[in-house]
Structure formats: C-alpha cells, structure tokens
Amino acid sequence: MKNLVVLTGAGISAESGISTFRDAGGLWEQYAIEDVATPKGWMKNKKLVTEFYNQRRKQLLHVKPNYGHIGLAELEKLFYVSIITQNVDNLHERAGSSYIVHLHGELTKVRSEKDEDLIYDLTPDRYEVKIGDLCEKGSQLRPHIVWFGEPVPLMEEAIDITKQADILVVIGTSLNVYPAAGLLYYVQTNTPIFLIDPNDVSIKRPNVHIIKKKASEGVKDLIKLLKEQYT
Ligand code: APR
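Residue positions are given per chain, counting from 1 as you read along its sequence in written order. In keeping with the predicted nature of the model, local features appear solely for residues at pLDDT of at least 70, side-chain atom pairs appear and are counted solely at 80 or more, and the whole-chain, interface and lining totals rest on all residues. Here the side-chain values reflect all heavy atoms present in the structure, with hydrogen atoms and water set aside.

K.L.:
Which residues make up a nonpolar patch on the surface, and what are the values?
P.N.:
Patches here: salt-bridge-free residues with over 30% relative accessible area, like charges joined within 9 Å, nonpolar side chains (Val, Leu, Ile, Met, Phe, Trp, Tyr) joined within 5 Å. The protein chains shown are the only cover counted for residues, whose accessible areas, like all others here, come from Shrake-Rupley with a 1.4 Å probe. Put simply, a salt bridge is a Lys or Arg side-chain nitrogen that is within 4 Å of an Asp or Glu carboxyl oxygen. Taken together, the side chains of Tyr178, Tyr185 and Tyr186 define a hydrophobic patch exposed on the protein surface, amounting to about 350 Å² of accessible area. Working definition: helices are DSSP H or I runs of at least four residues, strands are E runs of at least two. Numbering for both runs from the N terminus. Within the element layout of this structure, Tyr186 appears in the loop between strand E7 (167–171) and strand E8 (193–196). Classification of Tyr186 as partly exposed rests on a relative accessible area of 34%. Burial here depends on accessible area, computed with a 1.4 Å probe over protein chains only, as a share of the maximum for the residue type. Under 20% is buried, over 50% is exposed, and the range in between is partly exposed.

Structure, rendered in structure tokens:
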C-alpha cells in the first residue's frame, strides 16, 4: 500500500462548527494572538488564557467529525494514512484515524508549566482547568498547546513522515504558519499534492491538483480520484 500523508488545518473542522483562525469572523478577529496564544500572554494573565482554552474544550463536547475527517479515516482501507494536523481538536481521533501527529498540541491534554514531560489527559466530564490545578510536583497546569514563539516538538517526526509520502494531501490550511507550512518542501518533487480548500491558497510546488471545495465535498472527490489513479 502507498503512503498517504495528509496535512490538515482549521478548515477541515469548519463544517463541524469550529471556526478557523484567519477567515472573516475567525478566532484571531475575536481574540488577540498575543493575549491567548503566546508564552507572554500566559505570564500576563493565566486566568484569561486558562478560560480561553476551557471554552475551546467545552465547544469540543458539542461538535462532531464531518465527512472530511471520516473520509480520511475510511482511506485507511486503501493506504497507509498518516495525518499531520495543526488542529488541537480531537475530531480526527473521533472519526477513527489511527495515526495522527498533533503538531500544535491537543486541547484534551494539559501539562505542568515547569516540566513539559508531565502531561495529563482531561476527560469530557472533567475538561475544565482552574488556576490552582497543579501537577504532581506542585506547578500550575497549562494548556498542552504549542504557542507562537514556542518550539514545535513533533516537527522532526512530521518531517520524516512527509519525506516518505507517496501522495500528499493538504486540507483547510492557509499555509501561513511556519514551521508547519514548510512541510510541503520535504515531499519529493514528483510526489503528487492534492489541495482541498474552498478559497485560493498559495502553494509553490510542482504537481499540485487543486480541489476547490469545502473539506467534506473535497474529500469525497479526493477518494474518487485516488481510487481511479492509485488502486
Ligand atoms: N473546508 C476546507 N477548508 C476551509 C473550509 C472548509 N469548510 N473553510 C475554510 N477553509 C480554509 C480557509 O480557506 C483557509 O485556507 O481553511 C483555511 C484556514 O486557515 P487558518 O484559519 O489560517 O488556519 P490554519 O492554517 O489551520 O492555521 C494554522 O495558526 O493560529 C495558528 O496554531 C493555529 O494551528 C493554527 C495555525
């Protein structure tokens, strides 16, 4: 079976009801990045940041995967599928995908602000974090999220996976944020790239097949094309 590598961004979860970051009405129009998604914002106001992520977690309880996520899980019957997602939601897991790299962290986890190896799972009945919730060594718990200005610990793993792609699929990302967007430059030049997005996304690579649709419709088309061309 061929290696199918999929890079996803906020757009794949848009039809599930989670807003993207940079579209009109997106999250970064409502909140200042520096307040809620930087180490500086955390140091300035831990309560505000904690509440922001509690809200995102609460939203997760009310949304479901859409066919974009589900179709990618179904593709495991035909390909070795690796998902590299910039999303911090758990919709790929809930759709049934088995191999997922969360480049920017996960909403359903928290970690010690002093020891990055002390990571804890939150559960749907206990998703809220409070100031004063501590790790076993007595430090405040912070979101297990990669903020702007922080290293991306899973980047090396993502690069290795991307290098081995026979086919790359990019869904619902504006490709504005690095190093994630730089992954595209690790695919072999002859590797076909399928890009699913209802809007124009600038992608300077050869061999790009654009499917200008929302994720759920776009993944349907993708599956059809992949079946015709690669199975
Ligand atoms: N289906 C597919 N794509 C869609 C849909 C949809 N239904 N709706 C919107 N999109 C596309 C937009 O056209 C845009 O290209 O999704 C993309 C969303 O881009 P961004 O909001 O910039 O999200 P993303 O690329 O995931 O952001 C990267 O930035 O703020 C940080 O850490 C955050 O992981 C995030 C990173």
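K.L.:
Please provide a residue-by-residue account of the nonpolar core, values included.
P.N.:
Each nonpolar core is a collection of buried residues, namely Ala, Val, Leu, Ile, Met, Phe, Trp, Tyr and Cys, held together in the definition by side-chain atoms within 4.5 Å. Membership of the largest hydrophobic core comes to 24 residues, with the highest contact counts inside it found for Ile84, Leu103, Leu168, Val170, Leu175, Leu183 and Leu184. Breaking this core down by element, the ones donating at least two residues are strand E1 (3–8), helix H8 (155–163), E7 and E8. It is H8 that provides the largest number of residues to this core, a total of four residues. Those residues within four positions of Val170 in sequence are excluded, and the remaining contacts are Leu7, Leu175, Leu184, Ile193, Phe194, Leu195 and Ile196. Between two residues, a contact is recorded if the distance between any of their heavy atoms is within 4.5 Å.

K.L.:
Explain the sheet that holds strand E4 (residues 105–112) residue by residue, including any values.
P.N.:
The three strands are arranged E5-E4-E6 in an open sheet whose pairing can be described as antiparallel. Two strands in the sheet have a free side with no partner beyond their single neighbour: strand E5 (119–121) and strand E6 (141–145). Here the strands of the sheet are splayed against their neighbours by 45° on average, with no regard to which way each runs. For E4 and E5, the ladder comprises three bridges, and the chain directions are antiparallel. Among the inter-strand pairings, Val110 is bridged to a residue of E5, identified as Tyr120. Across the sheet, helix H5 (residues 46–61) is in contact with E4 and E6; its angle to E4 comes to roughly 140°. At least two bridges found by DSSP between two strands are what make those strands a pair. Each axis is a line fitted through C-alpha atoms, taken for helices only over the stretch in contact, and angles between the N-to-C directions span 0 to 180 degrees.

Purely spatial values, then, with no claim about function.
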